[in-house]
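Spelled out, the chains give:
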Amino acid sequence: MDWDIVIGLEVHAQLNTNTKAFCSCKVNYGDSPNTHVCPVCLAYPGSLPVLNKELVNSAIKLGLATHCTIRPNSTFARKNYFYPDLPKGYQISQFDDPICYKGYVDIEVAGKEKRIGLTRIHMEEDAGKSMHSESGTLVDLNRCGTPLLEIVSEPDMSSPQEAYAYLTTLKQIVRYTEVSDCNMEEGSMRCDANISLKPKGQKELGTRTELKNMNSFRNVERALIYEANRQKEVLESGGKIIQQTLLWDEQNGKTKSMRSKEDSHDYRYFPEPDLSPVFVDEAWIEKMRKLLPELPAERKQRFIDSFSFTSEDASVLTSEKEIADYFEATLKYFNNPKLVLNWVRNEVLRILVDTGKNISESPVSPEALAELLVFLDKKEITAQTAKAVIDDMTKSGRSAESIIEEKGLKQISDSLELESMINKIISDNDVIVKRYQEGETKLLTFFIGQVMKISKGQADQAVARDIIIKRLG
Ligand SMILES: [Zn+2]
């Protein structure tokens, strides 16, 4: 029997505001436990929340970037549940009237585009953190009250691969808007997945399970593949899917039951009486729209149109805003898009992997890269030399010019100098010369290789090639 897979994702992005959602405590990852707390986020009786405007700004920005409608009048609600790291006994969230709704994100899987609907984006606060160890459980409330945006998709994804593509694209958009750094390892981006199966073509949805505890996009994909297969086996053996929350066990590559799935009425949502509604007028929305950068999809298209790049090249350059910025900054100093593209793709990104840095801390600045490429473009150095120079620049932090001058790396195009090199190669290799002269012309590459070797990569290949052909007749 054939099955349709139906997947919807809920993504939490932790915002990079300076302070928490409803108090002025700092938001700082990794500080000593319980150092950023106050009566509000510790829920002392009588304390009152005050909305951080930056939380609303971030929600509007992300909503606009994902084509959502921004609600002019939205309210907060209490989501009630007990947990040791939730001192209030409820989370301030939004329920019936989220600030953003009806948006979409376009994804690409295997060259095909697909539009994934967004049901809503709402504002809420995070809980604290429980740390379990053998001696017991400790609670850190630094995270308590940290502002979050929850981005809820429609159940529009029909494979784990689409879910992966959606997450990658969404992360890219969130990072472009700069409202969150989306670092999954540090927990600033978290994802829960809902998945169900239904007989192919059937309209009505099957019973779903919810997957939690996946700390990378690849793990989301793996967990969904596992869960789709598990549900298929249950259904095909005549069983029933139980609506429940499952934890992904990364080590064993399986899902395990956490609790039976709660419905929204279990949380007894009700309007938050301590906060007034949030009114957002057109002027506020326009102000936020102006703060948005060119978004990844638009920027990619512009790179394709104005530089005639392939879709793949443009995707690599726009995968992160900082890479695209670096590329365009380099162009300001040296306007040769194709050459800059090749060097950013092949060399700069390699250096970043080698040095474990991100592009904004690249050891080779756009200006320094441009200077090197000018030498290459003017044929003053060979491509091989340029690669050695950029490695030297990375290690020493020196400029291309000083390295090239000091080491005498300029390209040798002087024909007398090349001729004397070639004469020596010819006299040292008489057997190969003979084979060449008897018609084995592909041996030309051997001679060019020797010239490059002796000149330590500095010979002008085109000039050397002409001399060799002339000398060998
Ligand atoms: Zn506080």
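Preceding this section is the structure that the text describes.
Since this is a predicted model, take the numbers as computed values, not measurements. (Residues numbered from 1 in each chain as written. Predicted model: local features only at pLDDT ≥ 70, side-chain atom pairs only at ≥ 80, totals over all residues. Heavy atoms only, no water.)

Participant: Which parts of the structure should I look at to understand the overall build of the protein?
Facilitator: Of regular secondary structure, the protein possesses 15 helices and 16 strands. Taking 23 Å as the expected radius of gyration for a compact globule of 473 residues, we find that the protein reaches 30 Å, considerably beyond that expectation. Taking all 473 residues of the protein together, the buried fraction comes to 48%. In the protein, the share of contacts with a sequence separation of at least 24, taken over all contacts with a separation of at least 6, comes to 68%. Split by element, the accessible area of the protein, about 24,100 Å² in all, is 50% carbon and sulfur. Charged side chains in the protein number 61 positive and 71 negative. The centres of these two groups are separated by 1 Å. (Helix = DSSP H or I, 4+ residues; strand = E, 2+ residues; numbered from the N terminus. Rg over C-alpha atoms; globule rule 2.2 N^0.38 Å. Buried < 20%, exposed > 50% of the residue type's maximum accessible area, 1.4 Å probe, protein only. Contact = heavy atoms within 4.5 Å. Areas by Shrake-Rupley, 256 points an atom, 1.4 Å probe, with all protein chains shown as cover. Lys, Arg positive; Asp, Glu negative; His and termini not counted. Charge placed at Lys NZ, Arg CZ, Asp CG, Glu CD.)

Participant: Explain the packing of helix α7 (residues 321–333) against helix α9 (residues 366–377) here, please?
Facilitator: A pair of packed helices can be characterised by two numbers: the angle between their axes and the separation between those axes. Where α7 contacts α9, the two axes come as close as 8 Å, and the packing angle between them is 50°. The orientation of α7 with respect to α9, classified from their angle, is oblique. In this structure, α7 crosses over α9, and the sense of that crossing is right-handed. In contact with Y326, A329, T330 and Y333 of α7, α9 contributes P366, E367, L369 and A370. (Axes fitted to C-alpha atoms, helices over the stretch in contact; angles between N-to-C directions. Parallel < 35°, antiparallel > 145°, perpendicular 65-115°, else oblique. Left-handed = near helix turned anticlockwise from the far one by under 90°.)

Participant: I'm lost on the sheet that holds strand β4 (residues 77–80) in this one. Help?
Facilitator: By definition, the strands of a sheet pair up through backbone hydrogen bonds, in either a parallel or an antiparallel sense. If you trace the three strands from one edge of the open sheet to the other, you get β5-β4-β15, paired in antiparallel fashion. Strands at the two margins of the open sheet, each flanked by one partner only, are β5 (90–93) and β15 (270–271). Pairing geometry for β4 and β5, over four bridges, is antiparallel. From the neighbouring strand, K79 faces β5, where its bridge partner is Q91. (Pairing = 2+ DSSP bridges.)

Participant: What is the right way to look at the environment of S257 in this model?
Facilitator: Relative to the assigned elements, S257 resides in strand β14 (residues 254–260). Along the sequence, S257 and T17 sit 240 residues apart, while their C-alpha atoms lie 35 Å from each other. Sequence-distant contacts of S257, that is, excluding residues within four places in its chain, are made with Q244, T245 and L246. Here the side chain of S257 touches Q244 through a polar contact of 2.8 Å, side chain to side chain. (Polar contact = N/O pair within 3.5 Å; in protein donor to acceptor, adjacent residues only side chain to side chain.)

Participant: How do you make sense of the coordination of the zinc ion when you look at a structure like this?
Facilitator: Reference geometry at the metal: tetrahedral coordination by four donors gives ideal angles of 109.5 degrees; octahedral coordination by six donors gives 90 or 180 degrees. In the first shell of the zinc ion, the protein supplies C23 (SG), C25 (SG), C38 (SG) and C41 (SG), at 2.3 to 2.4 Å from the metal. Between the four donor atoms coordinating the zinc ion, the angles at the centre fall across 101 to 114°, so the site counts as tetrahedral. Along the chain, the residues that donate to the zinc ion are spaced as C-x1-C-x12-C-x2-C. Look at C38 and you get buried, because its relative accessible area is 19%. A residue is classified by how much of its surface remains accessible, and C41, at 7% relative accessible area, is buried. (Donors = N, O, S within 2.8 Å, 3.2 Å for Na, K, Ca; no water. Tetrahedral: all angles 85-135°; square planar, octahedral: opposite > 155°, others 65-115°.)

Participant: Looking at this structure, I do not really get the pairing of strand β6 (residues 100–109). What am I missing?
Facilitator: Within a regular strand, the side chains alternate between the two sheet faces. Where strand β2 (residues 69–70) lies against β6, two bridges are found, and the strand directions are antiparallel. By the bridge assignment, T69 is partnered in β6 with Y101. Inspection of the sheet shows β6 paired to strand β7 (residues 112–125) by nine bridges, in the antiparallel sense. The partner of V109 across the bridge, within β7, is K112.

Participant: Help me understand the packing of aromatic side chains, please; the structure alone is not making it clear to me.
Facilitator: Ring pairs (aromatic) are described by centroid distance and by the angle formed between their planes. Counted under the stated rule, the structure contains 13 aromatic pairs. A ring pair is formed by F95 and Y269, whose centres lie 3.9 Å apart and whose planes are at 10°; its orientation type is stacked. Taken together, the residues F95 in the loop between β5 and β6 and Y269 in the loop between β14 and β15 connect sequence positions 174 residues apart. Here the aromatic rings of F303 and F327 are separated by 5.3 Å at their centres, their planes lie at 55°, and the arrangement is tilted. Within this pair, whereas F303 is found in helix α5 (residues 296–307), its partner F327 is found in helix α7, the two being separated by 24 residues in sequence. Clustering of aromatic rings is evident, with ring pairs tying together Y81, F95, Y267 and Y269. Over the face of the ring belonging to W284 we find K53, whose NZ or CZ atom lies 5.1 Å from the ring centre. Stacked on the ring of Y101, the Lys or Arg R71 has its end atom at 4.3 Å from the ring centre. (Phe/Tyr/Trp six-rings, centres within 6.5 Å; stacked < 30°, edge-to-face > 60°. Lys NZ or Arg CZ within 6 Å of the ring centre and 35° of its normal.)

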